[in-house]
Amino acid sequence: MASFLLEVGTEELPASFVDEALNQWRSRIPKSLADHSLAPETIEYYGTPRRLAILLKGLPLQQPDQTEEVKGPPAQAAFKDGQPTKAAAGFAQKQGVSLDAFEIRPTEKGDFVFIRKVIQGRPIAQILSELVPNWIMELEGKRLMRWGDGEIRFSRPIRWLVALLDDAVLPIAIVSNSIHVESDRASQGHRVLHPASVSIPNAESYSAVLQSAFVEVDPEQRQITIKQQVQAAAAQIGGVATIAPSLLREVTNLVEYPSAVVGKFDAEFLELPSEVITTEMESHQRYFPVRKSENSADLLPYFITASNGDPAKSKIIAAGNERVIRARLSDGKFFFDADRAHSLETYLPKLETVTFQQDLGSVRTKVDRIVSIADLISNQLHITGDSHAQIRRAALLCKADLVTQMVGEFPELQGVMGQKYALASQEPEAVATAIFEHYLPKGAGDTLPQTQAGQVVGLSDRLDTLVSIFGLGLVPTGSSDPFALRRAANAVINITWASNLSLNLHQLLEQVVSSFAANYAPVMKLSFSELLQQLKDFFLQRIHTLLREDQTIDYDLVNAVIGENDPEYAERALSNLLDVRDRAHFLQTIRNDGRLATIYETVNRASRLAAQGNLDTRSLDPAAVVNIKLFQKSSEQAFYEALAHLQGQTNYSQLVESLSKIAPAVSHFFDGADSVLVMDSDPAIKQNRLNLLGVLRNHARVLADFGAIVKS
């Protein structure tokens with residue numbers, strides 16, 4: 001068995017590319033090897049700002065031999081009078097076998113010649129020499145660059161290659177015009193702490209050799225080291241470090257030999273909102289803030305950075321970082337004081353200078369649409385009085401902070417500063433909170449708005465965006481979704497579900513689309529009905545995805561509550577988002593506990609036959625659609641009486657229990673001693689029996705479309 005090391009040495013890579021590249025290798029390299037019948041015992045993936053590397057252990061020295069079966073010419077063409085023809089000789093020569101290797105086998109098209117030949121496995125070195133250049137050059141990423149006058153594209157210029165099969169250099173070259181990089185055993189140590197090159201004697205010594213040159217090649221180990229060092233440094237100054245996972249991952253890919261450095265800033269800056277200080281540190285400087293205690297949001301006038309420099313120069317490094325943060329926080333204080341000199345409402349006219357979308361006007365115009373939609377939602381939810389007034393006020397002011405100096409400098413603070421400035425302007429706390437919350441959730445797994453005003457304004461903002469952008473014909477396609485419309489629709493559904501809002505989305509979409517069509521007809525790319533249908537279909541897709549992936553409901557049960565190409569179920573799902581969620585979970589529950597199986601056959605058999613009748617799907621009263629005078633068998637009367645007990649069920653559990661109880665009567669109707677032929681020659685009797693089955697089907701449809709459910 002052999003080990004193979006590949007290291008691609010580069011100029012400093014973007015932190016995001018390191019993870020992206022290693023993830024691509026994790027998915028591609030094992031498959032690439034498997035395609036050549038190779039499976040190493042382990043694959044280790046390494047990455048730093050200056051290198052990407054893999055170490056394959058337990059590789060066979062040679063590809064295993066392969067047996068291949070090849071179909072040749074028809075036997076009739078290969079042999080004539082028992083003697084091989086030119087066709088047989090040509091096939092044997094092409095395949096490199098003798099005529100003795102021929103096997104005659106019957107097929108659907110007659111007898112054919114077959115051969116079995118053994119393809120000898122190739123040496124591992126030969127295969128790797130072919131695969132490795134593709135592993136490198138097929139890496140994808142944002143803003144790949146060219147250098148020199150070559151056509152090679154990579155995230156940053158490639159400066160060296162290490163390729164070792166055990167202790168031997170495997171010849172690999174990256175060549176394009178003036179670019180010529182050949183593999184060797186020479187790597188580079190830390191740029192500051194070990195500027196000289198290092199020689200790697202064999203593949204498995206890679207990590208140890210680089211550690212001796214002050215490079216930790218394992219990103220997971222670097223991350224652990226950084227976290228431990230930052231926590232220890234915070235404890236030494238009497239605080240607790242705030243270590244955001246995303247920042248920790250980014251910093252991990254910015255350093256090769258981390259050392260925690262503590263910096264200090266003037267305590268007067270603590271008068272700024274903590275969100276401003278934290279955003280400045282994390283987003284702009286990649287510093288870790290320090291809080292007073294684990295459960296406190298109050299900051300200490302310190303920060304910690306993971307340096308990639310010489311630990312002996314920590315004081316100099318800290319002083320440089322302190323100068324930078326002092327300047328940035330000074331700017332923040334100036335913006336904060338200048339913004340608070342005016343009430344939040346006075347910023348509304350400036351929103352007219354900010355374009356939301358070329359054909360849709362300014363953000364100020366969007367705000368007016370948000371207020372209108374908030375009124376529609378408030379009416380649906382019966383929100384009146386002060387609560388409604390607070391919702392309207394929050395909707396009016398929800399975008400005002402976009403034109404403040406602070407948000408202009410730190411866009412990620414939108415909503416956060418709106419809340420701060422609203423409170424400073426003496427707005428009610430409910431209004432200020434809603435301004436912040438209406439942006440929630442900002443992504444998958446994020447917190448949802450907790451207040452009624454925040455929920456309504458957040459729904460209004462997203463519905464306006466969805467209707468407006470769809471109205472311009474800018475529908476998401478494939479992975480392209482520049483306006484984040486899928487995320488917006490997901491948020492509408494998740495907020496409604498989490499807050500148990502009795503929202504009729506079907507009616508709301510009709511109202512918002514109607515208003516949009518009245519005011520933006522010149523730029524609309526779709527008719528009213530087309531736009532409404534596209535939006536309904538889009539929301540149904542999102543409901544399906546959220547139930548299936550986030551709520552882990554079986555796919556067929558999701559289809560059963562949404563309906564497969566069934567307008568009734570589609571309208572019902574959009575008209576009552578809480579009900580479609582509850583029905584999906586209820587179906588999953590009765591599948592898991594076995595109750596679904598007890599009614600499945602009964603309902604499905606009845607539904608299949610009922611489809612051949614003409615009864616609508618809404619009739620539930622057997623007395624209204626069934627003529628008892630047409631009964632010919634006692635089983636019909638028993639079925640009818642059992643149906644009567646289905647009337648007035650108050651919840652889905654009772655419905656399922658009643659459907660279970662009716663099963664014997666239905667079974668007797670079909671198969672008992674007094675069974676009937678549903679498709680009777682008399683049309684009136686036939687329709688009467690189909691109506692019995694139709695009423696049963698309709699009661700089951702109150703819960704779900706059982707035709708979409710797959711039998712367990």
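Before going into details, it helps to say that this report is about the structure given with it.

Cut-offs and rules
- Residues numbered from 1 in each chain as written.
- Predicted model: local features only at pLDDT ≥ 70, side-chain atom pairs only at ≥ 80, totals over all residues.
- Heavy atoms only, no water.
- Core = buried A, V, L, I, M, F, W, Y, C linked by side-chain atoms within 4.5 Å.
- Buried < 20%, exposed > 50% of the residue type's maximum accessible area, 1.4 Å probe, protein only.
- Contact = heavy atoms within 4.5 Å.
- Helix = DSSP H or I, 4+ residues; strand = E, 2+ residues; numbered from the N terminus.
- Expected span 1.5 Å × (residues − 1).
- Polar contact = N/O pair within 3.5 Å; in protein donor to acceptor, adjacent residues only side chain to side chain.
- Phe/Tyr/Trp six-rings, centres within 6.5 Å; stacked < 30°, edge-to-face > 60°.
- Lys NZ or Arg CZ within 6 Å of the ring centre and 35° of its normal.
- Arc of directions from axis to C-beta.
- Pairing = 2+ DSSP bridges.
- Salt bridge = Lys/Arg side-chain N within 4 Å of Asp/Glu carboxyl O.
- Axes fitted to C-alpha atoms, helices over the stretch in contact; angles between N-to-C directions.
- Parallel < 35°, antiparallel > 145°, perpendicular 65-115°, else oblique.
- Left-handed = near helix turned anticlockwise from the far one by under 90°.
- Nonpolar A, V, L, I, M, F, W, Y, C, P; charged D, E, K, R; others polar.

A few words on the nonpolar core. Judged by nonpolar contacts, the single largest core of 139 residues is most densely connected at Leu 466, Phe 539 and Leu 703. When sequence neighbours within four positions are dropped, the list of residues in contact with Leu 703 reads Val 561, Arg 572, Arg 583, Phe 586, Leu 587, Ile 590, Tyr 652, Leu 655 and Val 656. One finds Leu 22, Tyr 45, Ile 124 and Leu 165 within the second-largest nonpolar core, a separate group that totals 39 residues.

Taking 1.5 Å per residue, 18 residues should reach 26 Å; helix 6 (residues 219–236) reaches 26 Å between its end C-alpha atoms and fits that length. Backbone nitrogen of Glu 220 and a side-chain oxygen of the N-cap are separated by 3.0 Å at the start of helix 6; the cap is Asp 218. Where helix 6 ends, the next residue or the one after it, Gly 238, has phi of about 80°, a positive value.

On to the packing of aromatic side chains. Counted according to the given criterion, the structure contains 14 aromatic pairs. Ring geometry for Phe 334 and Phe 335: centres 6.0 Å apart, planes at 65°, overall edge-to-face. When its relative accessible area of 52% is taken as the criterion, Phe 334 is described as exposed. Looking at Phe 335, the relative accessible area reads 14%, which means it is buried. Their ring planes at 70° and their centres at 4.9 Å tell us that Phe 639 and Phe 669 sit as a pair that is edge-to-face. Taken together, the residues Phe 639 in helix 24 (residues 634–644) and Phe 669 in helix 25 (residues 652–671) connect sequence positions 30 residues apart. Judged on exposure class, the residue Phe 639 and its partner Phe 669 are both buried. Three or more aromatic residues joined by ring pairs form one cluster here, namely Phe 79, Phe 91 and Phe 102. A cation sits over an aromatic face here: Lys 71 above Phe 112, 4.2 Å from the ring centre. A cation over a ring is seen here: Lys 366 above Phe 356, with NZ or CZ 4.5 Å from the ring centre.

Glancing now at the environment of Glu 429. Structurally, Glu 429 is set in helix 14 (residues 429–437). Separated by 39 residues in sequence, Glu 429 and Gln 390 place their C-alpha atoms 9.5 Å apart.

This part covers helix 20 (residues 567–575). Buried within helix 20 are the following residues: Tyr 569, Ala 570, Ala 573 and Leu 574. All buried residues of helix 20 fall inside an arc of 130° around its axis, so they share one side. Packed against the buried residues of helix 20 are helix 17 (505–519), helix 18 (528–550), helix 19 (555–562), helix 21 (577–593) and helix 26 (683–701). Where helix 20 starts, the residue carrying a side-chain oxygen 3.0 Å from the main-chain nitrogen of Glu 568 turns out to be Asp 566.

The subject of this paragraph is the environment of Gly 418. Looking at where Gly 418 falls in the secondary structure, it is placed in helix 13 (residues 416–424). For the pair Gly 418 and Asn 253, spaced 165 residues apart in the sequence, the C-alpha separation amounts to 34 Å. Setting aside residues up to four positions removed in sequence, Gly 418 forms contacts with Leu 344, Asp 401 and Ile 435.

The next point concerns the pairing of strand 18 (residues 299–307). Among the nine residues of strand 18, eight are classified as buried, and the element is accordingly described as predominantly covered. The sheet contact formed by strand 16 (residues 259–264) and strand 18 spans six bridges and is antiparallel. Each bridged residue has a counterpart across the sheet, and for Ala 260 the counterpart in strand 18 is Ala 306. Looking at chain direction, strand 17 (residues 288–291) and strand 18 are connected through three bridges and run antiparallel. Its bridge partner lying in strand 18, Phe 288 is registered against Ile 304.

Inspection of the entire model under this criterion finds 43 salt bridges. Between Glu 69 and Arg 105 there is a salt bridge, and its shortest N-O distance comes to 2.9 Å. Placement of the pair is Glu 69 in strand 4 (residues 66–74) and Arg 105 in strand 7 (residues 103–107), with a sequence separation of 36 residues. The partly exposed category is assigned to Arg 105, whose relative accessible area is 22%. Ionic contacts of the salt-bridge type, sharing partners, join the residues Lys 366, Arg 369, Lys 399, Asp 461 and Asp 464 into one network.

To continue, consider the packing of helix 22 (residues 595–610) against helix 26. The contact between helix 22 and helix 26 brings their axes to 8 Å, and the two run at 125°. Here helix 22 lies oblique to helix 26, going by the angle between them. Classified by chirality, the crossing of helix 26 by helix 22 is left-handed. Contacts between helix 22 and helix 26 involve Thr 602, Val 603, Ala 606, Ser 607, Leu 609 and Ala 610 from the first element and Leu 690, Leu 693, Gly 694, Leu 696, Arg 697 and Ala 700 from the second. Taken together, the residues of the contact of helix 22 with helix 26 break down into eight nonpolar, three polar and one charged.

Here we take up the sheet that holds strand 16. A sheet is described by the order of its strands in space; here four strands give the open sequence 15-17-18-16, paired in antiparallel fashion. In this open sheet, the two edge strands, each paired with only one partner strand, are strand 15 (240–241) and strand 16. Where helix 6 meets the sheet, its contacts fall on strand 15, strand 16, strand 17 and strand 18, and the angle it forms with strand 16 comes to roughly 35°. Most of the contacts of helix 9 (residues 314–340) go to strand 16, to which it runs at about 50°, and overall it touches strand 16 and strand 18.

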